[in-house]
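Residue-level structural notes
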Amino acid sequence: MCGICGFSWRDEKLIGRMNSQMVHRGPDQAGSFSCDDVSLGHRRLSIIDLSEHGRQPMFNEDKTVCLVFNGEIYNFRELRSILENKGHVFASQADSEVIVHAYEEYGIEVLQKLRGMFAFAIYDQKKKTIFLARDRIGIKPLYYYFKDGRLIFASEIKAILEDSGVERRLNHQALYDYIGFEFVPAPATMFRDINKIPAGHYLIMKEGRIELKQYWDLSFKKNDPRLTYDEAVEKERELLDFAVKSHLISDVPLGVFLSGGLDSSALVAMMRRHISGNLKTFTIGYHDKTFSELDYAEQVARHFDTDHQVLMLDDINSDYVEKTLWHLDEPMTDLSTVPLYLLCKQAKEHVTVCLSGEGADESFAGYDRFKASKLNQFFSILPASVRKHLVGKLIAQLPDQPQKKGAVNMLKRFVEGANLPKEGKHLRWQYFSSDKQNDLLFTNSFKAKAVFDPFRLVREYSSRCDADDRVNEEIYLDMRYMMTDSVLMKVDKMSMASSLEVRVPLLDHVFVEFMASLPGSWKLKGLKTKYVFRSALKGVLPDNIVNRGKQGYSLPVKHLLRGEMKPYMVSLLNESPVIRENMNINYVNQLIREHSDMVHNHNHVLWALMNVAIWHNRFFC
């Protein structure tokens, strides 16, 4: 795991500054290469081949191909054998060198050969091209800036900002999208002139021009109609075991995050098949049981005899929030960001690599929003006037309850989402704003700078999906629209903040493609989420773990904003230039009062605004 950066001209001082901004991503080594056409930089966190031979930038035999790479290639040994038989000569045991020689052999088609997580840049001296690529799922980030024939790229935005020619300008459209969805959808960032390379895409620069192309998308058509449910369960179990085993390749100590939920517990079970000795597990706990899965995590740890480490969280100070925003580069309001940051810091004291269970909720229809979408088929039978003006108003008057979920809180959230436009599909329950709130929140000057259409990107992504059933259509939106720029961005940035590599076996693309080939009714059966996944884990995990619902380890933000963090919130939002310029500050204070008095739970919008204010203070002021 590393950090990469570069640009399309020669400047050793600038590449050095960009590298220095990402020292946390790779504290073991720094490397660079410059010529008239390109400067490339690399920060190394040594995982495979810890020797000097694994140093980057990495070259081919005649030094005409130069690579900087971030990630892990899990099939590198098989690829290496093929390439050696074709005459390629290797100088290291590193997985990165396989990319160099595979590019020599296959060109851009190298992307079809790789099984892993990656973001890389290749300079081809013969073709005079810069080739940037990001893995299929989007596990590893890659940003770029292009203007007047100048290309700059990096694993983190803060490295790009080291070039004084890059203007720091707010992206108003991104800010509008973020307030509702709590992340900035690709290809945009919160900086107007800086973009993300989307998952499954590559970018080529040649003769001062760039071309961005997609090389992979998730298809639901590759199904085998002869496959029975029992056969699918068996194959799923085999692919899961293989994915976990392949992700154990490492020359440094590794462990696993164990929340006590189904996904992380499945990883522990599969890891224990291949690790007979000490297996380190790490978890977070809260004293408020409605926010904690600690008892389940400890049960799984005992069941598989792991060396279990627990981090108890209650008080979260503003310093942690501000540190996470600096590492994220742009606001992203996942309520588990700060806990994950602290968990990674703890894990790094013991290991350099951790496995984590991200991806199963998206691939197997594990979130409550999938159930809400199904239930809405019955709720929508009621006339719209009854749903909105009678039921909606009655439910909205119910006071917020202190627990994380609970019947009242879940009912209120269901009705709020159900009354949003149908085109939002199941993401209506992941959208935390409304036309009314947006109208009251944003200033008139802001409204002239953004398109107020919350689900325009959802429509665009939906049009690309080839699924034939509702559940798989919704899975596509989770996998391709939501996950990359929210969940996976959080995992990458929070782990790299502590120089910890996190691997996500459940997002092995072969495993993901197989799961996509199965009918949606096998994933969401009735209101039972992850049905086929649970079937594969029967007998592998204790029954109560297999059958329990999703909880997660999100921060109890709504309580914090009513308690110890309220003074910080009030001063931060009222003094922030970006909030005062773009938001109706009187309405913001109304939201604060209603939240404090438990009239409504506004933690999502308030936390989102706080993150914007902190981000702006760190990057603009």
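On a predicted model such as this, the values are computed, not experimentally measured, just so you know.

Rules of the game
- Residues numbered from 1 in each chain as written.
- Predicted model: local features only at pLDDT ≥ 70, side-chain atom pairs only at ≥ 80, totals over all residues.
- Heavy atoms only, no water.
- Helix = DSSP H or I, 4+ residues; strand = E, 2+ residues; numbered from the N terminus.
- Rg over C-alpha atoms; globule rule 2.2 N^0.38 Å.
- Contact = heavy atoms within 4.5 Å.
- Areas by Shrake-Rupley, 256 points an atom, 1.4 Å probe, with all protein chains shown as cover.
- Lys, Arg positive; Asp, Glu negative; His and termini not counted.
- Charge placed at Lys NZ, Arg CZ, Asp CG, Glu CD.
- Pairing = 2+ DSSP bridges.
- Axes fitted to C-alpha atoms, helices over the stretch in contact; angles between N-to-C directions.
- Disulfide = S-S within 2.5 Å.
- Buried < 20%, exposed > 50% of the residue type's maximum accessible area, 1.4 Å probe, protein only.
- Phe/Tyr/Trp six-rings, centres within 6.5 Å; stacked < 30°, edge-to-face > 60°.
- Lys NZ or Arg CZ within 6 Å of the ring centre and 35° of its normal.
- Polar contact = N/O pair within 3.5 Å; in protein donor to acceptor, adjacent residues only side chain to side chain.

A short note on the overall build of the protein
A count of helices and strands for the protein gives 28 helices and 17 strands. Its C-alpha atoms give the protein a radius of gyration of 24 Å, within 12% of the compact-globule value 25 Å for 621 residues. Excluding contacts between residues fewer than 6 apart, the proportion of contacts in the protein whose partners are at least 24 apart in sequence is 73%. Just so you have it, the protein exposes about 23000 Å², and 50% of that area is on carbon and sulfur atoms. In the protein, 81 positive and 81 negative side-chain charges are present, and the distance between their average locations comes to 3 Å.

Things to note about the sheet that holds strand S16 (residues 353–355)
The five strands are arranged S15-S14-S13-S16-S17 in an open sheet whose pairing can be described as parallel. Both edges of this open sheet fall to strand S15 (307–312) and strand S17 (501–503), since each of them pairs with a single strand only. The average angle at which neighbouring strand axes cross in this sheet is 30°, direction not considered. Two strands pair when backbone bridges link them, and strand S13 (residues 254–257) and S16 are joined in this way by three bridges, in the parallel orientation. The partner of Gly255 across the bridge, within S16, is Cys354. Contacting S13, strand S14 (280–285), S15 and S16, helix H11 (residues 337–348) runs over the sheet at an angle of about 145° to S14.

Some remarks on the state of the cysteines
Inspection of every chain in the model, using the stated rule, returns zero disulfides. The cysteine Cys35 is free of any disulfide, with Cys66 supplying the nearest cysteine sulfur at 8.2 Å. For Cys35, a relative accessible area of 15% translates into the label buried.

Concerning the packing of aromatic side chains
What the rule picks out here adds up to 30 aromatic pairs. Judged by centre distance (5.4 Å) and plane angle (85°), the ring pair of Phe181 and Tyr481 falls under edge-to-face. With a gap of 300 residues between them, Phe181 in helix H6 (residues 172–181) and Tyr481 in helix H19 (residues 470–482) connect regions that are remote in the sequence. Taken individually, Phe181 and Tyr481 each receive the classification buried, so the pair is uniform in this respect. Members of the aromatic cluster, each reached through a chain of ring pairs, are Phe181, Phe183, Tyr431, Phe455, Tyr461 and Tyr481. Directly above the ring of Tyr296 sits Arg548, whose terminal nitrogen or CZ lies 3.7 Å from the centroid.

Details of the side chain of His247
Summarising the element assignment, His247 is placed in the loop between helix H7 (229–246) and S13. On the basis of relative accessible area, His247 is assigned to the buried category, the value being 2%. Within the structure, the side chain of His247 is placed 3.2 Å from the side chain of Ser246, a separation counted as a polar contact. Setting aside anything within four residues of it in sequence, one finds His247 in contact with Tyr74, Leu355, Arg503, Val504, Pro505 and Asp508.

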